[in-house]
Amino acid sequence: MRNPARFPLKEGLHSRQAHADLPEQAIYEREVGREGFFGPASHIHHKHPPTGWVEWEGELRPRAMDLNQLNELAIARSPFSAPVILHNAHCQYRFWHCNEPMTELARNADGDDLLFVHRGQGELFCDYGHMSVSEGDYIVIPRATMWRLTPETPMQLLMIEATDDSYQLPEKGMVGQHAVFDPAMLEYPRINDTFLAQQDENTWRVDVKRHQRLSRITYPFNPLDAQGWHGDLTVMKINWRDIRPLMSHRYHLPPSAHTTFVAKRFVICTFVPRPIESDPGALKVPFYHSNDDFDEVLFYHAGDFFSRDNIEAGMVTFHPAGFTHGPHPKAFAAGQAHAKTFTDEVAVMLDTRDALQATAAAESVENPDYVYSWRG
């Protein structure tokens, strides 16, 4: 057993409570933490914003990609043909336009898939039956499940693979199992008339991805021919509108409080509309932080992204571990002035313990000036 040494020390100007009642001479608080907000941490109070750099050289930099500009590259009949944006050994991060009904089934033998429906709606058919899916839905597809989508309107989907892993729900600790969302809110596919009606004796093919390579299996019938099932493994979905965020009017909670799904080497968090902290001394925007054990990726789905300037729905920011990041100057000033009482943003965050690599597809839609967007 290992237990890190923890003894709270104090030096110079500081607040007694993190993220609240900051000293007027050093209002720029930076959290230096380990283990993604769960480990040892110190709070350093600065005279200048920790993001106030004027020049940046080298590959390690904050990046922003506009996935709206992928256009034809993102359109694919198979999810496995959609462009990979970011990846490591434990995760693949894709953006997929599904405009036409899938004519082949998909089966990912490399790990669970998480789909987030950014735009559109349609019907999902899988081993476990049928369910309708629409904008704002998270859909967890267990490893090696056969499935296909039939869009009713063109769909745009964020697709995150837990490579050689599975998605689970986070421990909710002292707030109890019904906090954030009650597990009863989770929905699953049904063996209904719509599912039974799609069963036929035509030739169907299944694209199987294993070791990041595709194989194809051909059947003389539709293999989604289940007549029933029982058990506790299935496809499941929940909409961001069903998430009831943890809040404190006196303290800005860390991103980890908004965790929705967990894998062994990364977490998925969801930021949804909520009241902004009302206590006069509480920080009103995300705090500057050096989270040096995780890479941070944010996909912006809808609303006004209160900690960022010039960010629109369909964009992604990527902040690798190794430098401080935090709110843009206008957002920080608005927080100091208590300019907003409510945030209406919806965003999906991926925090990975292992370094992510950006692909050529990501670089093709990158804004090279994003690194200097903190200049003020």
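Residues numbered from 1 in each chain as written. Predicted model: local features only at pLDDT ≥ 70, side-chain atom pairs only at ≥ 80, totals over all residues. Heavy atoms only, no water.

The name given to the protein in an unreviewed UniProt entry is Homogentisate 1,2-dioxygenase, and the organism recorded there is Alteromonas oceani. Word for word, the UniProt comment on the protein under Cofactor (unreviewed entry) is "Fe cation". UniProt lists a comment for the protein under the heading Sequence similarities (unreviewed entry), and it reads "Belongs to the homogentisate dioxygenase family." (UniProt positions renumbered as here; feature names shortened; annotations may be inferred.)

Undergrad: Would you take a moment to explain the side chain of His325 for this structure?
TA: Mapped onto the secondary structure, His325 falls in the loop between strand 19 (315-319) and helix 2 (329-336). Residues within four places of His325 in sequence aside, it is in contact with Thr51, Phe287, Tyr288, His289, Glu296 and His319. (Helix = DSSP H or I, 4+ residues; strand = E, 2+ residues; numbered from the N terminus. Contact = heavy atoms within 4.5 Å.)

Undergrad: Looking at this structure, I do not really get the layout of surface pockets. What am I missing?
TA: A probe matching the size of a water molecule, rolled over the atoms, marks out where space remains unfilled. If you add up the space inside the second largest pocket, you get close to 310 Å³. Taken together, 14 residues make up the lining of the second largest pocket; nearest its centre are Pro142, Asp232, Leu233, Thr234 and Met236. For the lining of the second largest pocket, the per-class residue count stands at seven nonpolar, four polar and three charged. (1 Å grid on protein atoms, 1.4 Å probe; cavity = no way out; pocket = protein on both sides within 12 Å on 5 of 7 lines; lining within 4 Å. Points joined across faces, edges and corners; volume = space filled by probe spheres on them. Nonpolar A, V, L, I, M, F, W, Y, C, P; charged D, E, K, R; others polar.)

Undergrad: It is not clear to me how helix 2 should be interpreted in this structure. Could you clarify?
TA: Spacing of three or four residues puts side chains on the same side of an α-helix, whose turn is 3.6 residues. What helix 2 keeps buried is the set Ala331, Phe332 and Gly335. Projected down its long axis, helix 2 shows its buried positions confined to an angular sector of 100°, all on one face. Backbone geometry just after helix 2 places His338 at a positive phi near 55°. (Buried < 20%, exposed > 50% of the residue type's maximum accessible area, 1.4 Å probe, protein only. Arc of directions from axis to C-beta.)

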